[in-house]
Each structure stands twice: as C-alpha cells, then as structure tokens.
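Working through the structure, step by step
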Amino acid sequence: MTTPGKPPKKVKEKRQTPAERQEAMRYNHMMYGPTAGELRPAAKKVNYGGAYLSHPKFQSLMTALKKGTAFTFDITDKGKVCAIATDGAHISFDGKVIFYSRALNKHEDNLLLDREVTVQLQTIDALVHLVFAVVRALPELGPVPFSYQARQFFLGAETLEAGIPDQGPNLLLGSFKHSKVIDKGRK
C-alpha cells in the first residue's frame, strides 16, 4: 500500500498528558513516597538582623540610643534610600518611628515597638532586619518575641496586627539598661 520512494510512516508512541502524569505521580507518592531526586530542598533559615548586628553604623545607632544622643545613617534597599535614625528616645525608619524608649527608672528604659507602623512597612526587607537587629542587640530583652513568615510579622500564633484592637499599637518588648547622664537635683 505504500508508494515507492516514500518511507513508511513512523508510528508515534502515545505520550502521557500532564494530567495523567500528575495522577501517576500522586499514586506513586501515596504508595512509595518521594524518590531521592524529588525531595524538596530544606528551606533556608534566614538570619534576620544578622547583617546589621555586626555593622559599625548600627552599633553606633544602638550606642546613641543607650546614651540618649542622636545618630543617623542611610541604607539602600532595592534602589530606595532609607534613613535609620535615633534621637535618643526613638528609632525611626525612613522618618516613621518604629521603636520608643520610655523611662522605667533612673537606670533602665522600656523599649516599645509601634505595631501599626511596623505592619505598614513589614514588606520592606531592610525594616524587617532592623526590627530583629534592635531586639537582638539588647540582650536584656531576652529572646525575640516575634517571628516573620510569608511577608508578615507574627507574635506567637497571631499576626502582629491582630493584637492592635485589644492591646493598642505599642508592644512592650522589655527593659534595657541605658547610660544617659541624669541631672542631679539640688540638695
């Protein structure tokens, strides 16, 4: 039946459709588990704040906060320049106050986090690292009380934003020792 001069037609093998492949993979995973090549790599643990902690400008910022003096430096995040500053009582990021320092007694100050501003800016990587670095730079505060996943801060199992209606925008992180010069009153 073939004409002379024409090669015989090749019979194509039936290929698996993507839906059939997914079904076969699901069945294989159910029965045998993933193969060595299919295992997903473990998620990298991000060292939040690690880059700031060893940086001299950040260390100067924390020293200025403890002494009650002013200090400012600029960082670049994805092409945008942001200023990180302290006036001795606050730490601000790009002009918005993130941390407050309030007097507890003559040797210690309380450190509070402004939840509303932090939630507004929580998608900026530089801010996320700054928040973790400030808490980690003050060992008196203890372990970091919050975590960061899927571009959101979490306080325990809830988002940082969830506690604002009940507890207000300020989150008390703890107290730290300062080295501010205290004026002695007259005797």
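These remarks concern the structure in this document. (Residues numbered from 1 in each chain as written. Predicted model: local features only at pLDDT ≥ 70, side-chain atom pairs only at ≥ 80, totals over all residues. Heavy atoms only, no water.)

1. Some words on unusual backbone geometry
- Positive phi values are uncommon outside glycine, yet D94 reaches one of about 55 degrees.
- For D94, the location among the structural elements is in the loop between β3 (90-93) and β4 (96-103).
- With a phi angle near 50 degrees, A150 is a residue other than glycine that sits in the positive phi range.
- Following the sequence through the fold, A150 ends up in the loop between β6 (146-149) and β7 (152-155).
- Under the relative-accessibility criterion, A150 is labelled exposed at 72%. (Helix = DSSP H or I, 4+ residues; strand = E, 2+ residues; numbered from the N terminus. Buried < 20%, exposed > 50% of the residue type's maximum accessible area, 1.4 Å probe, protein only.)

2. Things to note about the sheet that holds β3
- One open sheet accounts for six strands, arranged β1-β2-β3-β4-β5-β9; its pairing is antiparallel. In this open sheet, the two strands that pair with only one neighbour each are β1 (71-77) and β9 (170-177). The sheet shows a mean angle of 20 degrees between the axes of neighbouring strands, direction not considered.
- Sheet analysis places strand β2 (residues 80-86) next to β3, joined by three bridges and oriented antiparallel. Each residue of the ladder has a partner; that of T86, found in β3, is I91.
- Together, β1, β2, β3, β4 and β9 form the strand contacts of helix α3 (residues 56-67), whose direction differs from that of β1 by roughly 145 degrees.
- Along the sheet, helix α5 (residues 125-137) contacts β1, β2, β3, β4, β5 (108-114) and β9; its crossing angle with β4, the most-contacted strand, is approximately 15 degrees. (Pairing = 2+ DSSP bridges. Axes fitted to C-alpha atoms, helices over the stretch in contact; angles between N-to-C directions. Contact = heavy atoms within 4.5 Å.)

3. Things to note about the sheet that holds strand β8 (residues 158-159)
- The strand order across the open sheet formed by three strands is β6-β7-β8, and the pairing between neighbours is antiparallel. Pairing within the sheet leaves two strands with one partner each, and these edge strands are β6 and β8.
- In the sheet, β6 pairs with β7 via four bridges, with the strands oriented antiparallel. By the bridge assignment, Y148 is partnered in β7 with F153.
- Along the sheet, α5 contacts β6 and β7; its crossing angle with β6, the most-contacted strand, is approximately 160 degrees.

4. Overview of the pattern of salt bridges
- Per the counting criterion, the structure on display carries four salt bridges.
- Its salt-bridge partner being D125, residue R151 comes within 3.0 Å of it at the nearest N-O pair. Of this pair, R151 sits in the loop between β6 and β7 while D125 sits in helix α5, and the two are 26 residues apart along the sequence.
- Given a relative accessible area of 37%, R151 falls into the partly exposed group. (Salt bridge = Lys/Arg side-chain N within 4 Å of Asp/Glu carboxyl O.)

5. Considerations on the nonpolar core
- Within the largest apolar cluster, 36 residues are counted, with the highest numbers of intra-cluster contacts made by Y52, F93, I98, F99 and L113.
- It is α5 that contributes the most residues to this core, nine residues altogether.
- The contacts of I98, once residues within four sequence positions are left out, are I91, S92, F93, L112, L113, D114, V117, T118, L121, L127 and V131. (Core = buried A, V, L, I, M, F, W, Y, C linked by side-chain atoms within 4.5 Å.)

6. Regarding α3
- Taking 1.5 Å of rise per residue, the 12 residues of α3 would be expected to cover 16 Å, and the 16 Å separating its terminal C-alpha atoms lies within 8% of that figure.
- F58, L61, M62, A64 and L65 are the residues of α3 that are buried. The arc that holds every buried residue of α3, seen down its axis, measures 160 degrees, which confines them to one face. (Expected span 1.5 Å × (residues − 1). Arc of directions from axis to C-beta.)

7. What to know about the environment of Q152
- As for its placement among the helices and strands, Q152 is situated in strand β7.
- Classification of Q152 as partly exposed rests on a relative accessible area of 28%.
- A C-alpha to C-alpha distance of 9.8 Å links Q152 and T118, two positions 34 residues apart in sequence.
- Excluding anything up to four places from it in sequence, Q152 contacts Q122, S147 and T159.

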